[in-house]
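Here is what each chain is made of, one letter per residue.
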Amino acid sequence: MRRTTSLLRVARKTPRCHSNYYPFIKSVSTSSSSTLNKNSKMQMVSITKRRFEELLLAEATQLAGIRQTSVSIDMMIKFGMDPNSDTIVNSAKFLYRELPVRYAVRAKEFELAPSWIKTKSFKQISETYLQCFMDLRSIDEPESTDDAIQLRRILTQHKDRLATVIPLLSEGVHELKNKRGMSTREEQYLHELLDRFLTARIGTSVLTSQHLELHQDLIEGKREGWW
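Everything quoted here is computed from the prediction, not taken from an experiment. (Residues numbered from 1 in each chain as written. Predicted model: local features only at pLDDT ≥ 70, side-chain atom pairs only at ≥ 80, totals over all residues. Heavy atoms only, no water.)

Chemist: Is there a simple way to explain the pattern of salt bridges in this structure?
Modeler: Two side chains with opposite charge may pair up if their charged atoms get near one another. Inspection of the entire model under this criterion finds nine salt bridges. In this structure, the salt-bridge partner of Glu98 is Arg102, at a minimum N-O distance of 2.8 Å. One end of the pair is Glu98 and the other is Arg102, both in helix H6 (residues 85-111) and four residues apart, which spans about a single turn. Judged on exposure class, the residue Glu98 and its partner Arg102 are both buried. The shortest N-O distance in the salt bridge between Arg161 and Asp135 comes to 2.9 Å. Here Asp135 lies in helix H7 (residues 120-137) and Arg161 lies in helix H8 (residues 145-162), a separation of 26 residues in the sequence. A relative accessible area of 27% means that Arg161 is categorised as partly exposed. Residue Asp135 is classed as buried on the basis of its relative accessible area of 18%. By sharing partners, the salt bridges in this structure join Lys93, Arg97, Glu141 and Glu143 into a single network. (Salt bridge = Lys/Arg side-chain N within 4 Å of Asp/Glu carboxyl O. Helix = DSSP H or I, 4+ residues; strand = E, 2+ residues; numbered from the N terminus. Buried < 20%, exposed > 50% of the residue type's maximum accessible area, 1.4 Å probe, protein only.)

Below, the structure is given as structure tokens:
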């Protein structure tokens, strides 16, 4: 099976990291993709689906080393006060670039851990986040409300898929403690890993939930704003 994709899609720019939510959204909105299209012809190559996925996995390893964008509750409240179509598109642009970084970090957290921690459950968690990563990196950046709707569908699927992570974490910890056994040093390592993982997961969940609720505000008109 072969899959046709553009070189611009395979070799996307690495998402930039910003310490402030709104400048990030502004910079995303002024993408240089239009300049690229004017000055160069779109080149198309045909590659196998397996090769395409290999390229995405390599990109995940690269993005896992990027610092995640810090977003405060105050920024989220201000951003969600008066949502409109531009708000949704800008939010979609931000998540399109930010979530792959966060997914990559979560996936590599267990993949790069010592061999003793790689239980079946933890491996499944890595695979789940990698699949979410590949979903986002296989589509183009949102530029319109219709694109934002497509992203919303994907994020809704991710929310359901990632709901399995906590039970899998519990299974993995149970396997390590009760079947394998751990030293004090190993328990400390696991505790720090889980603390890091769960804290980051909460932040990602809040960002995603806000976007989905803002989207629902405009579609169903349930309320005037949501933070």
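Anyway, onward from the coordinates.
Chemist: How should the nonpolar core be read in this particular structure?
Modeler: Nonpolar side chains in soluble globular proteins generally cluster together in the buried interior. Counting residues in each nonpolar core, the largest one holds 49 residues, and the members touching the most others are Tyr103, Phe122 and Ile125. Mapped onto this core, the elements with two or more residues apiece are helix H4 (49-63), helix H5 (73-79), H6, H7, H8, helix H9 (165-180) and helix H10 (184-220). At eleven residues, H6 tops the list of elements feeding residues into this core. (Core = buried A, V, L, I, M, F, W, Y, C linked by side-chain atoms within 4.5 Å.)

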